[in-house]
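Chain by chain, the residues:
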Amino acid sequence: MRLFVGLGNPGAKYAHNRHNIGFMAVDEIARRHGFAPWRRRFQGETAEGTLERERVVLLKPMTFMNESGRAVQEAAGFFKLAPGEITVFQDELELPDGKVRIKVGGGIAGHNGLRSISAHIGNEYRRVRIGIGHPGVKELVHGHVLSDFSKSDRPWVVALCEAMAENAGLLATEKDSTFQNRVHLALQAKGFFEDKEDKK
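Analysis parameters
Residues numbered from 1 in each chain as written. Predicted model: local features only at pLDDT ≥ 70, side-chain atom pairs only at ≥ 80, totals over all residues. Heavy atoms only, no water. Phe/Tyr/Trp six-rings, centres within 6.5 Å; stacked < 30°, edge-to-face > 60°. Helix = DSSP H or I, 4+ residues; strand = E, 2+ residues; numbered from the N terminus. Buried < 20%, exposed > 50% of the residue type's maximum accessible area, 1.4 Å probe, protein only. Axes fitted to C-alpha atoms, helices over the stretch in contact; angles between N-to-C directions. Parallel < 35°, antiparallel > 145°, perpendicular 65-115°, else oblique. Left-handed = near helix turned anticlockwise from the far one by under 90°. Contact = heavy atoms within 4.5 Å. Nonpolar A, V, L, I, M, F, W, Y, C, P; charged D, E, K, R; others polar. Pairing = 2+ DSSP bridges.

Chemist: How would you explain the packing of aromatic side chains if you had to name every residue and give the values?
Modeler: To describe a pair of aromatic rings, one takes the distance between the centres and the angle between the planes. Inspection of the entire model under this criterion finds six aromatic pairs. Taken together, a centroid distance of 6.0 Å and an interplanar angle of 80 degrees make the contact between Tyr 14 and Phe 64 edge-to-face. Separated by 50 residues along the polypeptide, Tyr 14 in the loop between strand S1 (2–6) and helix H1 (21–32) and Phe 64 in the loop between strand S4 (54–61) and helix H2 (68–79) bring together distant segments of the chain. By relative accessible area, Phe 64 is classed as partly exposed at 39%. Look at Phe 149 and Trp 156: their rings are 5.6 Å apart centre to centre, the planes differ by 85 degrees, and that puts the pair in the edge-to-face class. In this pair, the class of Phe 149 matches that of Trp 156, namely buried. Each member of the aromatic cluster is reached from another via a ring pair, and the members are Phe 42, Phe 78 and Phe 79.

The structure is reproduced here in structure tokens:
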């Protein structure tokens, strides 16, 4: 069994923020794979389903980002899951827009959601790091993560969430590098990001 945690802040005000791309990712997984309806529990919302014959529970903590660990700990305790069976979808400032990297453990790079989760369950969970780009100056970071994706960003955000959902079964079966490659190729096939790289 696996627990997939999408990070974000609850409420319509935050729904389209860069900081909420974790929520967007698990919403698309639930939609694409016909998971059961979302319901309130573990200080969050959960939806259950199956990916590659593996039972998967999706969790969106409703505690606000910096208390995400409370919800994750509650769900992990209920299902008796070790950190290695938990995958967290998070926004990542240190990656360019739309790039996806997976790692287990490691630092939290100032991410309040990860800080809270690590404080509650330890550090050895898997992170799906979803690039949202860096505004360039430290002072602008807070405003950057808590502002909405721009209109021009939305096509790649939708394509990225669709690609992650389509390949989510690879995460459930720990084929991390294949997942990364498939997501990258899916975005490339739709023509995202290549122009920027060609012009460098």
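Chemist: Give me the lowdown on the packing of H2 against helix H3 (residues 112–121), citing residues and values where you can.
Modeler: Following both chains from N to C, one finds H2 and H3 inclined at 40 degrees, their axes separated by 7 Å at the closest point. Classified by the angle between their axes, H2 and H3 sit oblique to one another. Judged by the sense of rotation from one axis to the other, the crossing of H2 with H3 is right-handed. Taking contact as the criterion, the partners of Ser 68, Gly 69, Arg 70, Val 72 and Gln 73 in H2 are, on H3, Gly 113, Ser 116, Ile 117, His 120 and Ile 121. Split into classes, the residues belonging to the contact of H2 with H3 amount to three nonpolar, six polar and one charged.

Chemist: A description of the sheet that holds strand S3 (residues 44–51) should follow, citing residues and the corresponding values.
Modeler: Sheets are built from strands paired through backbone hydrogen bonds, the pairs being either parallel or antiparallel. Ordered by their spatial adjacency, seven strands build an open sheet running S2-S3-S4-S1-S5-S7-S6, and the pairing between neighbours is mixed. Each of the sheet's edge strands pairs with one partner strand only, and the pair in question is strand S2 (39–41) and strand S6 (100–104). Adjacent strand axes in the sheet meet at a mean angle of 30 degrees, parallel and antiparallel pairs treated alike. Bridge count between strand S5 (residues 86–92) and strand S7 (residues 126–131): six bridges; the pairing is parallel. Note on S7: the bridge partner recorded for Thr 87 is Arg 126. Contacting S5 and S7, H3 crosses the sheet at an angle of about 155 degrees to S5. Along the sheet, helix H7 (residues 176–189) contacts S6 and S7; its crossing angle with S6, the most-contacted strand, is approximately 170 degrees.

On their own, these measurements won't tell you what the molecule is for.
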